[in-house]
Amino acid sequence: MEYLTQFESPLGNLYITADEVGLTGVAFEQDKGNRLPVDLNNLKYSDNQPVLMDAKLWLSLYFFGSVPDFLPDFSLKGTDFCKQVWKIVEKIPYGSSMTYGEIANLVAKQRGTKASPQAVGNAVAKNPIAIIIPCHRVLAAGFGIGGYSAGLTRKRYLLELEHIEYNE
């Protein structure tokens, strides 16, 4: 069973989903071309699932300007490569950033094979847990703003909330 709740952020409504293991998604209501990021027919609405409550608390603290000192449990679904990239992104500290190239170098070192910044960018774009797995902290070469599936206006807001410098 997968569960759903909503969270009203300063950037718009967020859908938060979880299964019995952990958080499966945090997505903006109008993510990726104004379509809903979740299939509401296969979810049970709940405000009392512990992992959903943890995610809402985390997001409340974050948008208040605090640095949450915990992470909700995750139940990530994706390729091994995507999960490896998301694990690296998850560890980017608040107020810091990394480039796609830096992440590619870390992945290459861990795997013992080459990894391209483009492949990393594709994996980052598939991150199912926006904000909490902070893909907004990933920047292009030269610390350019890069892309963001929820829109560059939202990415700018999140970077500025954390006082992260970037180039347009």
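Preceding this section is the structure that the text describes.
Each chain carries its own residue numbering, running from 1 in the written order of its sequence. Local features in a predicted model are, by the rule used here, given only for residues with pLDDT of at least 70; side-chain atom pairs are given and counted only at 80 or more, and totals for whole chains, interfaces and linings are based on all residues. Processing note: side-chain calculations cover all non-hydrogen atoms of the structure and skip hydrogens and water entirely.

J.: I'd love a proper account of the pairing of strand β2 (residues 12-18), names of residues and values included.
T.: Counting buried residues in β2 gives seven out of seven residues, a clear majority hidden from the surface. Bridge count for strand β1 (residues 3-9) against β2 is seven bridges, and the pairing is antiparallel. Bridging from a neighbouring strand, Tyr-3 pairs with Ala-18 of β2. At least two DSSP bridges between two strands are required for those strands to pair. Helical segments are the DSSP runs of H or I of at least four residues, strand segments are the runs of E of at least two, and each set is numbered from the N terminus. Hairpin connection between β1 and β2: a loop of two residues separates the two successive antiparallel strands. Where β2 meets strand β3 (residues 23-28), five bridges bridge the pair, whose relative direction is antiparallel. What sits directly across from Ile-16, in β3, is Val-26. Two successive antiparallel strands, β2 and β3, enclose a turn made up of four residues. When accessible area is computed with a 1.4 Å probe and restricted to protein chains, residues below 20% of their type maximum are described as buried, those above 50% as exposed, and intermediate ones as partly exposed.

J.: How would you summarise helix α3 (residues 80-90) if you had to cite specific residues and measurements?
T.: Most of α3 sits inside the fold, with eight of its eleven residues counted as buried. Within the span of α3, buried status applies to Phe-81, Cys-82, Gln-84, Val-85, Trp-86, Ile-88, Val-89 and Glu-90. On its buried face, α3 is in contact with β5 (98-99), α4 (100-111), α5 (117-125) and β6 (138-139). Any two residues whose heavy atoms approach within 4.5 Å at even a single point are treated as in contact.

J.: Which residues make up the state of the cysteines, and what are the values?
T.: Criterion for a disulfide: a pair of cysteine sulfur atoms at a distance within 2.5 Å. In this structure the tally under the stated criterion is zero disulfides. In this structure Cys-82 is not part of a disulfide, and its nearest cysteine sulfur, from Cys-135, lies 12 Å away. Overall, Cys-135 belongs to the buried group, its relative accessible area being 10%.

J.: Explain the nonpolar core to me, using residue names and the numbers behind them.
T.: Note that soluble globular proteins tend to have their nonpolar side chains buried in a common cluster. Ranked by size, the top nonpolar core spans 45 residues in total, and within it Leu-23, Leu-59, Phe-63, Ile-103 and Ile-131 carry the most contacts. Sort the elements by how many residues they give to this core and helix α2 (residues 50-64) lands first, with seven residues. Excluding anything up to four places from it in sequence, Leu-23 contacts Ile-16, Thr-17, Ala-18, Val-51, Leu-52, Ala-55, Pro-72, Asp-73, Phe-74, Ser-75, Ile-129 and Ile-132. Buried residues of nine kinds, namely Ala, Val, Leu, Ile, Met, Phe, Trp, Tyr and Cys, make up a nonpolar core once their side-chain atoms join them within 4.5 Å. Membership of the second largest hydrophobic core comes to five residues, among which are Leu-139, Ile-145, Leu-159 and Tyr-166.

J.: Talk me through unusual backbone geometry; I want residue IDs and the actual numbers.
T.: The phi torsion at Ile-131 lies on the positive side, around 70°, for a residue other than glycine. Following the sequence through the fold, Ile-131 ends up in the loop between α5 and β6. The phi dihedral of Phe-143 falls on the positive side, at around 60°, and the residue is not glycine. Within the secondary structure, Phe-143 sits in the loop between β6 and α6 (152-161). The exposure class of Phe-143 is partly exposed, given its relative accessible area of 35%.

J.: With reference to specific residues and values, describe the packing of aromatic side chains.
T.: The relative placement of two aromatic rings is captured by the distance of their centres and the angle of their planes. Pairing of aromatic rings covers Phe, Tyr and Trp, the last counted by its six-membered ring, and requires centre-to-centre distances within 6.5 Å; plane angles under 30 degrees mean stacked, over 60 mean edge-to-face, and any other angle means tilted. Tallied over the entire structure, the rule returns four aromatic pairs. Plain terms: the ring middles of Phe-7 and Phe-63 are 6.4 Å apart, the flat faces sit at 20° to each other, and that makes the pair stacked. Separated by 56 residues along the polypeptide, Phe-7 in strand β1 and Phe-63 in helix α2 bring together distant segments of the chain. On the basis of relative accessibility, which here comes to 12%, the residue Phe-63 falls in the buried class. Judged by centre distance (6.0 Å) and plane angle (75°), the ring pair of Tyr-62 and Tyr-94 falls under edge-to-face. You can see Tyr-62 sitting in helix α2 and its partner Tyr-94 sitting in the loop between α3 and β5, a full 32 residues away along the chain. Given a relative accessible area of 24%, Tyr-94 falls into the partly exposed group. Each residue in the set Phe-7, Trp-58, Tyr-62, Phe-63 and Tyr-94 is aromatic and connected to the rest through ring pairs, giving one cluster. Its end group placed over the ring of Phe-28, Arg-154 keeps NZ or CZ at 4.2 Å from the ring centre. A ring is scored as having a charge over it whenever the NZ atom of a lysine or the CZ atom of an arginine sits within 6 Å of its centre and within 35 degrees of its normal.

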